[in-house]
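Here is how the chains run, residue by residue.
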Amino acid sequence: MNVFALLPEFLQTALTRQGITEPTPVQTRAVPPALQGRDVLATAQTGTGKTLAFLLPLAARLAENPLANALILSPTRELAQQTYDELLKLTDEDHPLPAALIIGGDNIHKQFASLRKHPRVIIATPGRVIDHMGRKSIDLKNTRYLVLDETDRMLDMGFISDMRKIAAVLPPRQTLLFSATLPKEITALAGEFLKDPVRVQIGSVVSPADLVLQEIVHVDVREKLPQLLHELNTRQGSILIFTRTKHGAERLAKQLKLYGQKVNALHGDLRQNRRRQVLEFFKNQTVRILVATDVAARGIDVPHIAYVINYDLPQCPEDYIHRIGRTGRAGAVGSAISLISDDGQKWKDICKAAKFTVPVKTVQKTIEPLPEPKFVAQEEGQAHSKSRKKERVKREVRPSKATQIAKELLAEGEVYLPQGEELRAPAALAKTAGKRGENRPEKNAEKRGVKSSFKAAGKHAPKKVSTFRKASAAARVLETPEEAQTVDKNPFRTVKVGASKKALKRLEQPRPGAAKKHAKPAFGKFYKKRKRR
């Protein structure tokens, strides 16, 4: 029986729209008890459709209970983002299901706005939920459904205490626990969180997928990079490379870029926007190679990954299972290559714990000399650009066309420049005419005549200049020489060139020896007032 027939019509339509018509084994066994309201403990290998196994019954139950909400906890941001995207595909305008993505590294103010809209489904990482609980910005009192996705990975990342704090504030609920492996800690946690769960186990939880061809290559540490370049150049399709550390991922990505490979790095130090961008470029095959740490071993659901290369072996056998599970998904055949150098003991431990059902193939190393780098590294590129700037010949500074014409006019004597004696004339005029009371009647009459002329023309008279010295300097600069008036109309020949800035400053300076009779004794008054107090 097709269990999709038990779902509401809008979910069946959404599955048909995505081209999903047959359920996977984990969906066949987990969906019916979840629809009945039972707790479920499901273990299955990666790439078997566990996400839809809990999203489908969750969406159906929320449609039946409009007042109930759900909380989905994921170990990594990438896995939470993938779950959020899959949930959006199951909804439409007629059957909306408001959801909020609450993950670390994302804008918290944006999350505040999402939570204020009272979403019915919250998809989050445990750490960020604890953060919002401390801020009292998240409401979990109506949470009737709890999903723990990739629980074994959350235990490995140290989220067990956060999960217990979250579960302690939730009301009575239905809990769905999904995991790829089943260590003792998961069994103890299931007894703590679940009530009479339905046990669902698909395949072996300690062995990799049977559709993944595993190969190993024994190389020295210095031979890793040449062997990796050989594997990349001889294989087609998208490739996911795993390293042990964040620094190692960045360094390896830069080295591969030197040799013309389209590659990006993915690790925990990247900002959330950059991580989304890197994953998007890898999914749409803009970038062929992705170098990642174990943070990407969970949550990357890219069907077109053809090869997984373990540049560094993982710390524990479970991480190896999750790594190679990124390929061979949804029934496709994949391949996993591991470069083994000085970590042979780790490989023996992996073989003991994984219990491979498919024999591992040993491949002879093919070491070729490293080719010349095709590109310059980023740091070297900056130094290279600086050296090129030093070698670059300075361009000759060419004067503007107006400057050239002005120089030609000066050479021809067409422009009038005041001489030294003429510059001193306005200062002498200011000395003689700046005395108080001199020519007062004539000046008043002249002012009245100017004002009446402006009134007759319908204009306002210009503002009074503060000092006669400034007025005389402005008049001297703007006056037109008699020689220029006789010249024919030419814009360049009517240019008035005044005194220099030094000469104007000299005119504005007070006369030497002038008495400061009218200076206000401001400091003296202030000092006396202070003294009286």
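To keep things clear, this report deals only with the structure shown in the data block. Values in this document were obtained by computation on a predicted structure and should not be read as measured data.

Parameters and conventions
- Residues numbered from 1 in each chain as written.
- Predicted model: local features only at pLDDT ≥ 70, side-chain atom pairs only at ≥ 80, totals over all residues.
- Heavy atoms only, no water.
- Helix = DSSP H or I, 4+ residues; strand = E, 2+ residues; numbered from the N terminus.
- Contact = heavy atoms within 4.5 Å.
- Areas by Shrake-Rupley, 256 points an atom, 1.4 Å probe, with all protein chains shown as cover.
- Core = buried A, V, L, I, M, F, W, Y, C linked by side-chain atoms within 4.5 Å.
- Buried < 20%, exposed > 50% of the residue type's maximum accessible area, 1.4 Å probe, protein only.
- Salt bridge = Lys/Arg side-chain N within 4 Å of Asp/Glu carboxyl O.
- Phe/Tyr/Trp six-rings, centres within 6.5 Å; stacked < 30°, edge-to-face > 60°.
- Lys NZ or Arg CZ within 6 Å of the ring centre and 35° of its normal.
- Pairing = 2+ DSSP bridges.
- Axes fitted to C-alpha atoms, helices over the stretch in contact; angles between N-to-C directions.
- Parallel < 35°, antiparallel > 145°, perpendicular 65-115°, else oblique.
- Left-handed = near helix turned anticlockwise from the far one by under 90°.
- Nonpolar A, V, L, I, M, F, W, Y, C, P; charged D, E, K, R; others polar.

This brings us to the overall build of the protein. Per the secondary structure count, the protein includes 22 helices and 14 strands. Across the protein, the fraction of contacts at a sequence separation of at least 24, relative to all contacts at a separation of at least 6, is 75%. When the accessible area of the protein is evaluated, it comes to approximately 31700 Å², of which 53% is carbon and sulfur surface.

Turning our eyes to something else, we now look at the nonpolar core. L7, L62, I72, L90 and V121 are the most contacted members of the largest nonpolar core, which has 42 residues in total. Per-element tally for this core: the top contributor is helix α3 (residues 50-64), with 9 residues. With 26 residues, the next largest nonpolar core counts L73, L115, L148 and L170 among its residues.

Along the polypeptide, G344 turns up in helix α14 (residues 344-354). Spatially, the C-alpha atoms of G344 and L313 are 9.3 Å apart, while their sequence positions differ by 31 residues.

Looking now at the environment of R222. Note that R222 resides in the loop between β8 (212-218) and α10 (224-234). Linking R222 and S341, residues 119 residues apart in sequence, is a C-alpha distance of 9.2 Å.

A word on the pattern of salt bridges. If charged atoms from side chains of opposite charge come close, those side chains can pair. Evaluation of the coordinates by the stated rule reveals 14 salt bridges. As a salt-bridge pair, E78 and R275 come within 2.6 Å of each other at their nearest N and O atoms. Linking E78 in helix α4 (residues 77-89) with R275 in helix α12 (residues 272-283), this pair joins segments that are 197 residues apart in sequence. Residue class for R275 comes out buried when judged on its relative accessible area of 3%. Of the charged contacts, one joins K89 and E86 as a salt bridge, the two residues approaching to 3.5 Å between their closest N and O atoms. In this pair, K89 and E86 both sit in helix α4, 3 residues apart, roughly one turn of the helix. Its relative accessible area of 41% is what places K89 among the partly exposed residues. Given a relative accessible area of 16%, E86 falls into the buried group. Where salt bridges share partners, they join R128, D131 and R135 into one cluster.

What the rule picks out here adds up to 2 aromatic pairs. For the pair Y320 and W347, a centre-to-centre distance of 5.6 Å together with 80° between the ring planes defines the contact as edge-to-face. Remark: W347 occurs in helix α14 and Y320 occurs in helix α13 (residues 317-324); sequence separation between them is 27 residues. Summarising the burial analysis for this pair, Y320 and W347 share the class buried. A cation over an aromatic ring shows up here: K224 above the ring of Y311, its NZ or CZ 5.1 Å from the ring centre.

Here we come to the environment of S335. Topologically, S335 is positioned in strand β13 (residues 334-340). Sequence separation between S335 and Y307 is 28 residues; the distance between their C-alpha atoms is 4.9 Å. In this structure, S335 is in contact with V212, L213, R235, A306, Y307, V308 and T327, ignoring residues within four places of it in sequence.

With respect to burial, α13 is a largely interior element, 7 of its 8 residues being buried. Of all the positions in α13, only P317, D319, Y320, I321, H322, R323 and I324 are classed as buried. Of the surrounding secondary structure, the elements contacted by the buried residues of α13 are α7 (151-156), β8, β9 (238-242), β12 (305-310), β13 and α14.

Moving on: the pairing of strand β2 (residues 69-73). With 5 of 5 residues buried, β2 lies mostly within the body of the structure. Every second residue of β2 is oriented toward a common face, with N69, L71 and L73 on one face and A70 and I72 on the other, all of them buried. Sheet analysis places β2 next to strand β4 (residues 121-124), joined by 4 bridges and oriented parallel. Residue pairing in the sheet places I72 in a bridge with I123 of β4.

Ordered in space as β3-β4-β2-β5-β6-β1-β7, the 7 strands form an open sheet in which the pairing is parallel. Two strands bound the open sheet, and with one partner strand each, they are β3 (99-102) and β7 (198-202). Across the sheet, the mean angle from the axis of one strand to that of its neighbour is 15°, orientation sign disregarded. Relative to β7, strand β1 (residues 40-44) runs parallel, the two sharing 5 bridges.

Judged by how many residues are buried, β12 sits mostly within the fold: 5 of 6 residues are covered. Bridge count between β9 and β12: 5 bridges; the pairing is parallel. Its bridge partner lying in β12, S238 is registered against I305. Here 4 bridges tie β12 to β13, and the two strands are oriented parallel to one another. Along β13, the bridge assignment pairs Y307 with S335.

Right, let's talk about the sheet that holds β12 for a bit. Read from one edge to the other, the open sheet built from 7 strands follows the order β10-β11-β9-β12-β13-β8-β14, with strand pairing classed as parallel. The two strands at the open ends of the sheet, each matched to only one other strand, are β10 (263-266) and β14 (361-362). Where β10 and strand β11 (residues 289-292) come together, 4 bridges link them in parallel fashion. What sits directly across from A265, in β11, is V291. Sheet strands touched by α13: β8, β9, β12 and β13. Its angle to β12, the strand with the most contacts, is close to 155°.

Moving on to the packing of α10 against helix α11 (residues 246-258). Relative orientation of the contacting elements α10 and α11 amounts to 60°, with a least axis distance of 12 Å. Between α10 and α11, the interaxial angle falls into the category oblique. In this structure, α10 meets α11 at a crossing whose hand is right-handed. Contacts from L225, L228, L229 and L232 in α10 reach L252, Q255 and L256 in α11. Across the contact of α10 with α11, the residue classes tally to 6 nonpolar, 1 polar and no charged.

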